[in-house]
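Examination of the molecular architecture
This is what each chain is made of:
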There are 2 protein chains.
Amino acid sequence: MDGKAYIAQRPKRADGRRNYDAILAAARKAFESTGADASLEDIASQAGVAIGTLYRHFPTRASLVEAATRDGLENLVAHAERLSGAADPLDALTAWMREAVAHFSTFRGLVGILAQSMYDEGTPSHTMCNAMHRSGADLLRAAQAAGSVRPDLTPDELFDLLSGAAWVREQAAGDRDGSPRFLQLVLEGITIPRA
Amino acid sequence: MDGKAYIAQRPKRADGRRNYDAILAAARKAFESTGADASLEDIASQAGVAIGTLYRHFPTRASLVEAATRDGLENLVAHAERLSGAADPLDALTAWMREAVAHFSTFRGLVGILAQSMYDEGTPSHTMCNAMHRSGADLLRAAQAAGSVRPDLTPDELFDLLSGAAWVREQAAGDRDGSPRFLQLVLEGITIPRA
DNA sequence: ACCTGAACACCGTTCAAGT
DNA sequence: ACCTGAACACCGTTCAAGT
């Protein structure tokens, strides 16, 4: 709520940096196989460090999740900037939306954390969520200005749709992944047919 | 996976039935305030019984969730049957969809349990999910036969859309509930304008 | 600055003893 | 048939002692 969330930083000392990296690698693996509520003790032992070391670098689970997803979400924002000003703003928006859904559902439980972080300043991922919100809003505005997307759709609504699609994807066990179709239905619902 | 999930039954002996009911009441209250992962010990103590008694009646958390939501979801199915054969099949479908979203998001975590139960037979809520699937499919088919809904939409996809809307609603903290708008966008996306 | 691991707390789950 | 609560297991979190 007060924008004071702790953001993990890569240490300067060599041993600290080695452990930091090992914990992040173990965390990504554990999150992907077990979900965002994977055991922190397992992660520490997989990384070959004591549990206190994990807590020293990542005082909360949220700070670990933030650090584990930071690069991927930064890429998503960077890609949006590359797409902005594209020849076809609708193509740009839909391509970005597909990518966003994939990133949001990197592991089970992530999209819920991101959805909470979007409107809670006291959360480590809030800053990144704000950046994504801006990126998405820019692409949306361009597509609306081109007359390709219904003009009454707000950025908040866009993110609800993206999050819903990502959540459906995260629920899907292996085969039955309804999210491409989900997103397709959403897209056909919000786009304006070329006359 | 094997359809052998334990379904809680209301005991015949008076003291057992009293405790069973008290546990269910406490569970509903706890689920609504804390979510589906509310502490079972808290629920037991709120109900005025020992933890062993809770486990006797509800051997798994899933069986308690199933029992706590059984009546509400039965009503949803019953309502679908009343709506079937309505004068306007599209109105019937949309009314039912709104009701379904409300029921699916009775408390935080429920829609995830239901989404899992839909395709996992080894789960207490699977039977009820099947019934809801049938109900929704009937209303969908009627609306499609009337030419009101795009004919390529499958019941599975309908439930993905409903679940997505319910999940958005469950994430929303108090005020910002995007689910009515979410559902509205979905509905406008899947319906066929009357010519 | 950073690491370790024992210590504490909390909660889920089981089960022997009881009515 | 049903209830109780102690006992065990597991895991998150902290912190004093160490390098």
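Residues numbered from 1 in each chain as written. Chains lettered and ligands numbered in written order. Predicted model: local features only at pLDDT ≥ 70, side-chain atom pairs only at ≥ 80, totals over all residues. Heavy atoms only, no water.

In the nomenclature of an unreviewed UniProt entry, chain A is known as TetR family transcriptional regulator of Microbispora amethystogenes.

Once that is clear, we can look at helix α8 (residues 155–171) of chain A. With 17 residues, α8(A) should cover 24 Å at 1.5 Å per step; its first-to-last C-alpha distance of 24 Å lies within 8% of that length. With 14 of its 17 residues buried, α8(A) lies for the most part within the structure. (Helix = DSSP H or I, 4+ residues; strand = E, 2+ residues; numbered from the N terminus. Expected span 1.5 Å × (residues − 1). Buried < 20%, exposed > 50% of the residue type's maximum accessible area, 1.4 Å probe, protein only.)

Here we come to the UniProt feature "domain: HTH tetR-type" (unreviewed entry) in chain A. Taken from the UniProt record, the annotation "domain: HTH tetR-type" (unreviewed entry) applies to residues 17–76 of chain A. Here residues 17–76 of chain A runs as 82% helix and 0% strand, with 25 Å between its end C-alpha atoms. (UniProt positions renumbered as here; feature names shortened; annotations may be inferred.)

Contacts to DNA strand D come from 21 residues, most closely from Y55(A), R13(B), N19(B), T53(B) and H57(B). Counting only atoms of DNA strand D within 4 Å of the protein, the sugar-phosphate share comes to 63%. Interatomic distance of 2.9 Å between a side-chain N/O atom of R13(B) and a base nitrogen of DNA strand D. Within the side chain of T53(B), an N or O atom sits 2.8 Å from a phosphate oxygen of DNA strand D. Among the elements of the structure, α2 (40–47) and α3 (51–57) of chain A together with α1 (14–34) and α3 (51–57) of chain B are those that each provide at least two residues to the surface near DNA strand D. With five residues, the single largest contributor to the surface near DNA strand D is α3(B). Looking at the surface near DNA strand D residue by residue, the class counts come to eight nonpolar, seven polar and six charged. (Near = heavy atom within 4 Å. Polar contact = N/O pair within 3.5 Å; in protein donor to acceptor, adjacent residues only side chain to side chain. Nonpolar A, V, L, I, M, F, W, Y, C, P; charged D, E, K, R; others polar.)

Residues and elements named next belong to chain A. Under the domain assignment used here, chain A contains domain 1 (9–59) and domain 2 (62–190). At the junction of the two partners, domain 1 supplies 13 residues and domain 2 supplies 12 residues. Across the domain 1/domain 2 interface, buried area totals approximately 950 Å², and carbon plus sulfur atoms make up 71% of it. The three residues of domain 1 that bury the most area against domain 2 are R28, F31 and A36, which together make up 47% of that side's buried surface. Remark: the boundary between domain 1 and domain 2 carries zero salt bridges. Inspection of the region where domain 1 meets domain 2 yields two residue pairs in polar contact (both at pLDDT 80 or more). The element best represented in the side of domain 1 that touches domain 2 is helix α1 (residues 14–34), accounting for seven residues. Its residues placed into classes, the side of domain 1 that touches domain 2 shows 10 nonpolar, one polar and two charged. (Domains from an automatic or database assignment. Contact = heavy atoms within 4.5 Å. Buried area = accessible area lost by both parts, 1.4 Å probe. Salt bridge = Lys/Arg side-chain N within 4 Å of Asp/Glu carboxyl O.)

All names here are of chain B. Note on placement: P155 falls in helix α8 (residues 155–171). Taking the C-alpha atoms as reference points, P155 and H133, separated by 22 residues in sequence, lie 7.1 Å from one another. Those residues in contact with P155, other than ones at most four positions away along the chain, are H133, A137 and L140.

Taken together, the contact pairs 25 residues of chain B with 25 residues of chain A. Interface area, chain B with chain A, both sides summed: about 2300 Å², of which 56% is carbon and sulfur. Two residues, R150(A) and E188(B), come together in a salt bridge whose shortest N-O distance is 2.6 Å. One can count 10 residue pairs in polar contact (both at pLDDT 80 or more) joining chain B with chain A. At the level of secondary structure, the elements contributing two or more residues to the side of chain B that touches chain A comprise α6 (110–118), α8 and α9 (179–190) of chain B. It is α8(B) that provides the largest number of residues to the side of chain B that touches chain A, a total of nine residues. A breakdown of the residues in the side of chain B that touches chain A according to their chemical character gives nine nonpolar, seven polar and nine charged.

What follows is about the UniProt feature "DNA-binding region" (unreviewed entry) in chain A. Here the UniProt-annotated "DNA-binding region" (unreviewed entry) positions come out as residues 39–58 of chain A. Overall, residues 39–58 of chain A shows 75% helix and 0% strand. The separation of its end C-alpha atoms is 14 Å.

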